[in-house]
Amino acid sequence: MTSTHNPGPVSGPSPAFPRYSRTAQALHWLTSVLVLAVLPLAWVATSLARDAAAKPVLFQFHKSVGLTILALVVARILWRTFNPPPEVSEPAGLALIARVSHWLLYAVFLLMPVSGFLLSAFNGSTTQFFYLFPIPGFEKNEAIRNLFQSVHLAGQWAVYALVLLHIAGTAWHVAIRRDGVLDRMLPEQKPLIRG
């Protein structure tokens, strides 16, 4: 009598998934680092007293990092358009969730720096891009500034939610499914040669 055993998707070594290109990996991780930097810059800047000397400096760095994220996300979308990610075999539902969440992240990472820059620009403020060069503001318009401020403040909650969902989804793939999805965004490791 022959016994069959199906270990299911959570046992055994992680299957080999085709990896993203090195360019896609670099853009992804650089964006991730800058997102983790732009949030505390805003938190600290807004917590300081109005006349604190560090407040405008932190806001300038916050805006500079935000505009850099904007450029990186545009570069990621262009790269993805002309270099589609490698196809993987996974359930249709998971594939749809991944696709939707990725495009929502792209959307919010475009919306936030654009709305942040415009609320500053329509306040008549100049953005000092990392104090390397100025990006002039526009003629002051309180109504438009308030509109973009509302968009920016609301958008931050979308950032928190989508980033947390992205991290939770990654943790689920790593700890529960153990399907090697995270490996797609990591450099390929050379096998150790033991003598």
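Placed above this text is the structure.
Residues numbered from 1 in each chain as written. Predicted model: local features only at pLDDT ≥ 70, side-chain atom pairs only at ≥ 80, totals over all residues. Heavy atoms only, no water.

Chemist: Give a detailed account of unusual backbone geometry, specifying residues and quantitative values.
Modeler: Comment: phi is negative for the bulk of residues other than glycine, and the bulk of peptide bonds are trans. The phi torsion at Phe130 lies on the positive side, around 50 degrees, for a residue other than glycine. Here Phe130 lies in the loop between β1 (127-129) and β2 (133-135). Its relative accessible area of 29% is what places Phe130 among the partly exposed residues. (Helix = DSSP H or I, 4+ residues; strand = E, 2+ residues; numbered from the N terminus. Buried < 20%, exposed > 50% of the residue type's maximum accessible area, 1.4 Å probe, protein only.)

Chemist: Outline the packing of helix α1 (residues 22-47) against helix α4 (residues 142-177), listing residues and values.
Modeler: Remark: α1 packs on α4, axes separated minimally by 13 Å, with the N-to-C direction vectors making an angle of 140 degrees. By the angle between their axes, α1 is oblique relative to α4. With respect to the hand of their crossing, α1 and α4 are arranged in left-handed fashion. Along its contact with α1, which presents His28, Val35, Leu39 and Trp43, the element α4 presents Val159, Tyr160, Val163 and His166. A per-class count over the contact of α1 with α4 returns 6 nonpolar, 2 polar and no charged. (Axes fitted to C-alpha atoms, helices over the stretch in contact; angles between N-to-C directions. Parallel < 35°, antiparallel > 145°, perpendicular 65-115°, else oblique. Left-handed = near helix turned anticlockwise from the far one by under 90°. Contact = heavy atoms within 4.5 Å. Nonpolar A, V, L, I, M, F, W, Y, C, P; charged D, E, K, R; others polar.)

Chemist: Please provide a residue-by-residue account of the layout of surface pockets, values included.
Modeler: In this model, the largest pocket occupies a volume close to 1,200 Å³. If you go around the largest pocket, you meet 41 residues; those closest to its centre are Ala98, Ser101, His102, His166 and Thr170. Among the elements that line the lining of the largest pocket, the one with the most residues is helix α3 (residues 92-121), at 12 residues. Of the residues that constitute the lining of the largest pocket, the class distribution is 26 nonpolar, 9 polar and 6 charged. The space that makes up the second largest pocket amounts to roughly 1,000 Å³. Taken together, 32 residues line the second largest pocket, and the ones lying closest to its centre are Thr46, Phe59, His62, Leu119 and His152. Elements with a contribution of two residues or more to the lining of the second largest pocket: α1, α2 (54-82), α3 and α4. Take the lining of the second largest pocket: its biggest share by element is 9 residues, from α2. (1 Å grid on protein atoms, 1.4 Å probe; cavity = no way out; pocket = protein on both sides within 12 Å on 5 of 7 lines; lining within 4 Å. Points joined across faces, edges and corners; volume = space filled by probe spheres on them.)

Chemist: Outline the environment of Arg80, supporting the account with residue identities and numerical values.
Modeler: Along the polypeptide, Arg80 turns up in helix α2. The sequence separation of Arg80 and Tyr20 amounts to 60 residues, and the corresponding C-alpha distance is 10.0 Å. The residues contacting Arg80, other than those within four sequence positions of it, are Tyr20, Pro85, Trp103 and Tyr106.

Chemist: Give a description of the packing of aromatic side chains that names residues and reports values.
Modeler: Counting across every chain of the model gives 10 aromatic pairs. Taking 5.3 Å as the distance between ring centres and 85 degrees as the angle between the ring planes, the aromatic pair formed by Trp157 and Tyr160 counts as edge-to-face. In this pair, Trp157 and Tyr160 are both assigned in helix α4, 3 residues apart and thus about one turn of the helix distant. By relative accessible area, Trp157 is classed as exposed at 57%. By the ring-pair criterion, three or more aromatic residues cluster together here, those being Phe61, Phe129, Phe130, Tyr131 and Phe133. (Phe/Tyr/Trp six-rings, centres within 6.5 Å; stacked < 30°, edge-to-face > 60°.)

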